[in-house]
Amino acid sequence: LWISAVEEYLHDNPDEKVSLHELALITNMHPVTLSKNFPKYFHCTIGEYKRRIKIEKSLTLIKSSKLTLTDIALECGFFDQNHFIRTFKHVTGFLPMEYKKS
């Protein structure tokens with residue numbers, strides 16, 4: 001049950017900075033327990049999962065919009081274009097422009 005609650009909350013609030021404490025309150029779990037159990041079910045840390053959600057959002061924008069990479073980065077909650085490109089490459093294995101051409 002807590003898995004669905006965390007997943008739903010993170011997907012519904014992709015641009016918000018969500019703390020471990022907030023997630024623990026939502027799930028009625030101790031923050032340490034949540035932190036230990038999260039990787040067992042999601043196969044990554046909470047931070048990595050949040051970055052994946054941001055990258056998922058960017059995939060649509062890259063393919064279907066005329067926005068610049070800087071605008072897409074900011075729209076998806078990244079600090080700047082360089083941070084976005086590094087994260088995109090790490091998560092997808094492609095640079096954003098390579099993905100757009102594919």
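Residues numbered from 1 in each chain as written. Predicted model: local features only at pLDDT ≥ 70, side-chain atom pairs only at ≥ 80, totals over all residues. Heavy atoms only, no water.

Let's shift gears to the packing of helix α1 (residues 2–12) against helix α2 (residues 20–27). Two elements in contact, α1 and α2, have axes whose closest approach is 9 Å; the angle formed by their N-to-C orientations is 130°. Between α1 and α2, the angle falls in the class oblique. For the crossing formed where α1 meets α2, the hand is right-handed. On α2, the residues that touch Trp-2, Ala-5, Val-6, Tyr-9 and Leu-10 of α1 are Glu-22, Leu-23, Ile-26 and Thr-27. For the contact of α1 with α2, the per-class residue count stands at seven nonpolar, one polar and one charged. (Axes fitted to C-alpha atoms, helices over the stretch in contact; angles between N-to-C directions. Helix = DSSP H or I, 4+ residues; strand = E, 2+ residues; numbered from the N terminus. Parallel < 35°, antiparallel > 145°, perpendicular 65-115°, else oblique. Left-handed = near helix turned anticlockwise from the far one by under 90°. Contact = heavy atoms within 4.5 Å. Nonpolar A, V, L, I, M, F, W, Y, C, P; charged D, E, K, R; others polar.)

To continue, consider the pattern of salt bridges. Considering all chains together, one arrives at one salt bridge under this definition. Close ionic contact of Glu-75 with Lys-57 constitutes a salt bridge, the shortest N to O distance being 3.9 Å. Taken together, the residues Glu-75 in helix α5 (residues 69–75) and Lys-57 in helix α4 (residues 46–64) connect sequence positions 18 residues apart. Among the residues examined, Lys-57 registers a relative accessible area of 27% and is labelled partly exposed. (Salt bridge = Lys/Arg side-chain N within 4 Å of Asp/Glu carboxyl O. Buried < 20%, exposed > 50% of the residue type's maximum accessible area, 1.4 Å probe, protein only.)

Between α4 and helix α6 (residues 81–92), the shortest axis-to-axis distance is 10 Å and the interhelical angle comes to 100°. Regarding the angle of α4 to α6, the classification is roughly perpendicular. Between α4 and α6, the contacting residues are Arg-51, Arg-52, Ile-55, Ser-58, Leu-59 and Ile-62 on the first element and Phe-84, Thr-87, Phe-88, Val-91 and Thr-92 on the second. The residue inventory of the contact of α4 with α6, partitioned by class, reads six nonpolar, three polar and two charged.

We now examine the environment of Glu-16. Structurally, Glu-16 is set in the loop between α1 and α2. Remark: the alpha-carbon pair of Glu-16 and Leu-95, spanning 79 residues in sequence, is separated by 25 Å.

Now for the environment of Ser-65. Within the secondary structure layout, Ser-65 lies in the loop between α4 and α5. Overall, the relative accessible area of 17% leaves Ser-65 in the buried class. In terms of polar contacts, Ser-65 uses its side chain to reach the backbone carbonyl oxygen of Leu-61, at 2.5 Å. (Polar contact = N/O pair within 3.5 Å; in protein donor to acceptor, adjacent residues only side chain to side chain.)

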